[in-house]
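Chain by chain, the residues:
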Amino acid sequence: MIPPVIHPILVHFPIVLLIGCSAAALAYLHWQPRPELRILTWWLLPPGWLFLLLTVITGIIDQGNLPPDAPYRTLLNLHTTSGLILCLLYGDLLYRSWLHRSRQRAAATQKATIPGRLPTTGDFLDQPGRKWPLTAQLLLGIALVIWSGWLGGELVYVWGVNVMG
Ligand code: HEM
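Residues numbered from 1 in each chain as written. Predicted model: local features only at pLDDT ≥ 70, side-chain atom pairs only at ≥ 80, totals over all residues.

### Quick notes on the site of the ligand
Heads up, the condition is: The C-beta atom of each residue is placed using the backbone, and any residue whose C-beta lies within 6 Å of a molecule or strand is treated as near it. The helix count covers DSSP runs of H or I at least four residues long, the strand count covers runs of E at least two residues long, and both are numbered beginning at the N terminus. Note on residue categories: nonpolar means Ala, Val, Leu, Ile, Met, Phe, Trp, Tyr, Cys or Pro, charged means Asp, Glu, Lys or Arg, and polar means any other residue, Gly included.
The full set close to the ligand counts 27 residues, and Gly59, Asp62, Gly83, Gly152 and Asn162 are the nearest of them. Secondary structure elements with two or more residues in the shell around the ligand: helix H1 (6–10), helix H2 (12–30), helix H3 (35–63), helix H4 (73–108) and helix H5 (131–157). Here the shell around the ligand is composed, by residue class, of 14 nonpolar, twelve polar and one charged.

Following this line, the structure appears as structure tokens:
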């Protein structure tokens, strides 16, 4: 049986990495399209998502022994749901940006044989029509990370969930 200490250790990583990734992408889209911001976005996203996954797995393990009718259940369910939505939200960004790079590589090596399809050029962040949907996705991501972290803090510091005394 793993003591419930791994989740509280891991939580810091997705919080910092995903907020950093989103802030860099938003700054690129709305402030200055500097290459450093683009690099920061795509370097922070994969470790951020990986740590998010580990955080969610350890969180699910930690909540396994908690009573189903505990008074903090609603809070815990919201915390769990926000964590799962975050996996989808940043997983979607990771997948679509990877797909974009794969298409670019294929186009560059003349392997793109889909008729009528223009070769993909430029960064994923630079694609036309993507600015505002991405802005909404990134802002939602930041808000959910903060909310999920706050809910986790409430569980531990208000309700004493899994605090060993
Ligand atoms: C399915 C997803 C998740 C579940 C089931 C879950 C479950 C839990 C549980 C049971 C606790 C109480 C302490 C413990 O037993 O470890 C906790 C604390 C916490 N969780 Fe989560 N969690 C999930 C995802 C997340 C995510 C994605 C974040 C960060 C964005 C997060 C941030 C926190 C924080 C900050 C605490 C308080 C830690 C402390 O200061 O001791 N959790 N979570």
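From this point on, the discussion continues.
### Points about H2
To be explicit about the condition: Helix span, as expected, comes to 1.5 Å for every residue beyond the first. We call a residue exposed when 12 or fewer other C-beta atoms sit within 10 Å of its C-beta, buried when the count reaches 20 or more, and partly exposed for counts in between; the C-beta positions come from the backbone. Within this analysis, the arc is defined by the directions that extend from the helix axis to the C-beta atoms. A pair of residues counts as a contact when their C-beta atoms, built from backbone coordinates, are separated by no more than 7 Å.
Between its terminal C-alpha atoms H2 stretches 27 Å, which fits the 27 Å expected from 19 residues at 1.5 Å a residue. Taken as a whole, H2 has its buried residues at Pro14, Leu17, Leu18, Cys21, Ser22, Ala24, Ala25 and Tyr28. Projection of H2 onto a plane perpendicular to its axis shows the buried side chains occupying an angular sector of 160 degrees, all on one side. Exposed residues lying more than 90 degrees from the buried face of H2 are His12 and His30. Elements that come into contact with the buried residues of H2 comprise H3, H4 and H5.

### Considerations on the environment of Ala23
Take Ala23: it is sitting in helix H2. Each C-alpha atom, one on Ala23 and one on Leu139, is 8.7 Å from the other, the two residues being 116 residues apart in sequence.

### A short note on the packing of H3 against H4
The condition is simple: Only the stretch in contact is used when a helix axis is fitted, and all axes are lines through C-alpha atoms; the angle between N-to-C directions ranges over 0 to 180 degrees. Any angle that is under 35 degrees is reported as roughly parallel, and any over 145 degrees as roughly antiparallel; angles of 65 to 115 degrees are reported as roughly perpendicular and all others as oblique. Each helix crossing is assigned a hand: it is left-handed if the near helix lies turned anticlockwise from the far helix by less than a right angle, otherwise right-handed if that turn is clockwise.
As a packed pair, H3 and H4 sit with axes 10 Å apart at the nearest point and diverge in direction by 150 degrees. As far as their axial angle goes, H4 and H3 are roughly antiparallel. Relative to H4, H3 is oriented so that their crossing is left-handed. Here H3 contributes Trp42, Leu45, Pro46, Gly48, Trp49, Leu52, Leu53, Val56, Gly59 and Gln63 to the contact with H4, which in turn contributes Leu76, Thr80, Gly83, Leu84, Leu86, Cys87, Tyr90, Gly91, Leu93, Leu94 and Ser97. Residues that form the contact of H3 with H4 fall into these classes: 14 nonpolar, seven polar and no charged.

### So, H5
Here H5 contains 27 residues, and its C-alpha end-to-end distance of 39 Å stays within 8% of the 39 Å for a straight helix at 1.5 Å per residue. Listed in full, the buried residues belonging to H5 are Leu134, Leu138, Gly141, Val145, Ser148, Gly152 and Leu155. On the buried face of H5, the contacting elements are H2 and H4.

### Description of the environment of Leu26
Relative to the assigned elements, Leu26 resides in helix H2. The spacing of Leu26 and Leu139 is 113 residues in sequence and 8.4 Å in space, taken between C-alpha atoms. When near neighbours in sequence (up to four residues on either side) are disregarded, Leu26 contacts Thr135 and Leu138.

### Side note on the nonpolar core
The condition is simple: The nonpolar core is taken to be a set of buried Ala, Val, Leu, Ile, Met, Phe, Trp, Tyr and Cys residues joined by way of C-beta atoms within 7 Å.
With 17 residues, the main nonpolar core has Leu18, Cys21, Ala25, Leu45 and Tyr90 as its most contacted residues. Those elements giving two or more residues to this core turn out to be H2, H3, H4 and H5. Top element by residues in this core is H2. It accounts for six residues. Discounting chain neighbours no more than four positions away, the residues touching Leu45 are Cys21, Tyr90, Leu93 and Leu94.

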